[in-house]
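Residue-level structural notes
Residues per chain, in single letters:
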Amino acid sequence: MIIDLSRKIFPSFEAFFDTLKTWKTSNHKLVFTNGCFDLLHRGHLDSLVQAARLGDKLIVGLNSDTSVKRLKGVSRPLIDEESRAHMLAALEMVDAVILFDEDTPYPLIKAIRPDILAKGNDYAISEIAGADLVQSYGGTVALLPLTKGFSSSSLIEKIKNS
């Protein structure tokens, strides 16, 4: 079986709009999460599985290369946006990957209006971009427990020091 990952990858919200419209018309419960996913690891996978269980469709906002550079520094990302998008799209639990250039996914969240916004519990709800917006229209913000011992930054440090 040949899987076309490109059908799950959207370079912008505008490219995703028709898919979103179809999902909303079908009353799918939409879950949104986001991140850089620079080094895909077990902690990411565990969080994505947890997020996907909260609804019918899991939408992942993916920071573009320029966005990651601004947030993490000139040495990041380690893996380019196209490769990161393909890795995420290859995951069964991910229904859509949308790239964004901003520092936060707030404009994307505002456009999508997900039913559930999911982030790791290393954030307070007040620190999560778009949480106030999602709650304002009756949506839910879900804090997901993190898998101990996994973070991209700590893995990068481990690699540098080995």
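A brief look at the structure comes next. Being a predicted model, the structure only gives us computed values, none of them experimental. Within each chain, residue numbers correspond to sequence positions counted from 1 in written order. Owing to the predicted nature of the model, reporting of local features is limited to residues with pLDDT of at least 70; listing and counting of side-chain atom pairs is limited to 80 or more, with chain, interface and lining totals taken over all residues. Think of the side-chain values as coming from all heavy atoms in the structure, minus any hydrogens and water.

Structural notes on the overall build of the protein chain
Put simply, the rule is: The secondary structure listing takes helices from DSSP runs of H or I that are at least 4 residues long and strands from runs of E that are at least 2 residues long, numbered from the N terminus. Atoms counted for the radius of gyration: C-alpha only. Globule rule: 2.2 Å times the number of residues to the power 0.38.
In terms of regular secondary structure, the protein chain is built from seven helices and six strands. Mapped from its N terminus to its C terminus, the protein chain presents α and β elements in the order β-α-β-α-β-α-α-β-α-β-α-β-α. Over its C-alpha trace the protein chain gives a radius of gyration of 15 Å, about what one expects of a compact globule, namely 15 Å for 162 residues. Summarising its shape, the C-alpha atoms of the protein chain cover approximately 50 × 40 × 30 Å along the three principal directions.

Some remarks on the nonpolar core
Stated precisely, the cut-off is as follows: What makes a nonpolar core is a set of buried Ala, Val, Leu, Ile, Met, Phe, Trp, Tyr and Cys residues whose side-chain atoms join them at distances within 4.5 Å. Three labels apply to residues, based on accessible area from a 1.4 Å probe with only protein chains included: buried if under 20% of the type maximum, exposed if over 50%, partly exposed otherwise in between. Here, two residues are considered to be in contact whenever any of their heavy atoms come within 4.5 Å of each other.
In this structure, L48, L58, L88 and V94 are the most contacted members of the largest nonpolar core, which totals 21 residues. Secondary-structure elements contributing two or more residues to this core are helix 2 (42–52), strand 3 (57–63), helix 4 (81–89), strand 4 (96–100), strand 5 (116–120) and strand 6 (140–144). Every residue in contact with L48, bar those within four places of it in the chain, is listed here: T33, F37, L58, V60, L88, L91, M93 and V94. Counting residues in hydrophobic clusters, the runner-up holds 20 residues, among them F13, F16, W23 and L30.

A word on the pairing of strand 3
We count it as follows: Here, any two strands with at least 2 DSSP bridges between them count as paired. With the strands aimed away from the viewer, a crossover counts as right-handed if its path from the first strand over the helix to the second runs clockwise.
For strand 3, the tally of buried residues reaches seven of seven residues, placing the bulk of the element in the interior. With burial as the criterion, each face of strand 3 is covered, one bearing K57, I59, G61 and N63 and the other bearing L58, V60 and L62. Bridge count between strand 2 (residues 30–35) and strand 3: six bridges; the pairing is parallel. Among the inter-strand pairings, G35 is bridged to a residue of strand 3, identified as L62. Viewed along the sheet, the connection from strand 2 through helix 2 into strand 3 turns out right-handed. As paired strands, strand 3 and strand 4 are joined by five bridges and run parallel to one another. Looking at strand 4, one finds that L62 is bridged to L99.

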